[in-house]
Amino acid sequence: EEARYKNGFEYVIGVDEAGRGPLAGPVVAAACVVPPSVVVEGITDSKAIKAEAERERLYEELVATPGVVWAASIIGSERIDEVNILEATLEAMTASVLDVKAQLNGHGTAGVGGIQNGVQKGTKRD
């Protein structure tokens, strides 16, 4: 992320999913732009935030912060059955990224097929 900003990118959109593990139910993906100047104390890997009240507090603070842009998409079990969980996850991720781009009015964003980097356990990096 830092490298992208140093290379002149105006925005870096992060995206993640939840729901790929369960055998039934939807898959949800969210995309978000958090400007480098924004710091919300306590934001870390969501799985490490155990208290629901703390999770809700952090959510409310994050989405109320000027400059933060986000979107979420849900793909239901019917669609998952049609295309498989991986394709459904990618559909949800793509929809979320496109929604964030629309909120940004397309400023500074390349197509969804632009530069993409997969980062496993990205919230746990140093």
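Rules used throughout
Residues numbered from 1 in each chain as written. Predicted model: local features only at pLDDT ≥ 70, side-chain atom pairs only at ≥ 80, totals over all residues. Heavy atoms only, no water. pLDDT = per-residue confidence, 0-100. Helix = DSSP H or I, 4+ residues; strand = E, 2+ residues; numbered from the N terminus. Buried < 20%, exposed > 50% of the residue type's maximum accessible area, 1.4 Å probe, protein only. Core = buried A, V, L, I, M, F, W, Y, C linked by side-chain atoms within 4.5 Å. Pairing = 2+ DSSP bridges. Axes fitted to C-alpha atoms, helices over the stretch in contact; angles between N-to-C directions. Contact = heavy atoms within 4.5 Å. Salt bridge = Lys/Arg side-chain N within 4 Å of Asp/Glu carboxyl O.

**Student:** Explain the confidence of the model for the chain residue by residue, including any values.
**Tutor:** Of all residues in the chain, 82% have pLDDT values of 70 or greater, and the mean over the chain is 84. The lowest-confidence element of the chain is helix H1 (residues 2–6), averaging 87 in pLDDT; the highest-confidence one is strand E3 (residues 69–75), averaging 96.

**Student:** How would you summarise the side chain of Ser96 if you had to cite specific residues and measurements?
**Tutor:** Tracing the chain through its elements places Ser96 in helix H4 (residues 85–103). By relative accessible area, Ser96 is classed as buried at 0%.

**Student:** Talk me through the nonpolar core; I want residue IDs and the actual numbers.
**Tutor:** In this structure, Tyr5, Val12, Ala31, Val33, Val69, Ala71, Val97, Val100 and Leu104 together form the largest nonpolar core, which totals 9 residues. Contributing elements (two or more residues each) for this core: strand E2 (27–33), E3 and H4. Val27, Ile75, Ile80 and Met93 belong to the second largest nonpolar core, which has 7 residues in total.

**Student:** Account for the sheet that holds E2, naming residues and giving values.
**Tutor:** The 3 strands are arranged E1-E2-E3 in an open sheet whose pairing can be described as antiparallel. Looking at strand neighbours, the two that pair on one side only are strand E1 (14–18) and E3, the edges of this open sheet. Across the sheet, the axes of successive neighbouring strands diverge by a mean angle of 15 degrees, strand direction being ignored. Pairing of E2 with E3, which is carried by 7 bridges, proceeds in the antiparallel orientation. Looking at E3, one finds that Ala30 is bridged to Ala72. Against the sheet, H4 contacts E1, E2 and E3, and its axis sits at roughly 150 degrees relative to E3.

**Student:** Requested: an account of the pattern of salt bridges, with residues and values cited.
**Tutor:** Side chains bearing opposite charge may pair, as long as their charged atoms lie close to each other. Under the definition given, this model contains 5 salt bridges. Measuring nitrogen to oxygen at the nearest pair gives 2.9 Å for the salt bridge that ties Glu61 to Arg57. Of the two residues, Glu61 and Arg57 are both situated in helix H2 (residues 52–63); the distance of 4 residues between them amounts to about one turn of the helix. Residue class for Glu61 comes out partly exposed when judged on its relative accessible area of 34%. What you see here is one network of salt bridges that share partners, running through Glu54, Arg57 and Glu61.

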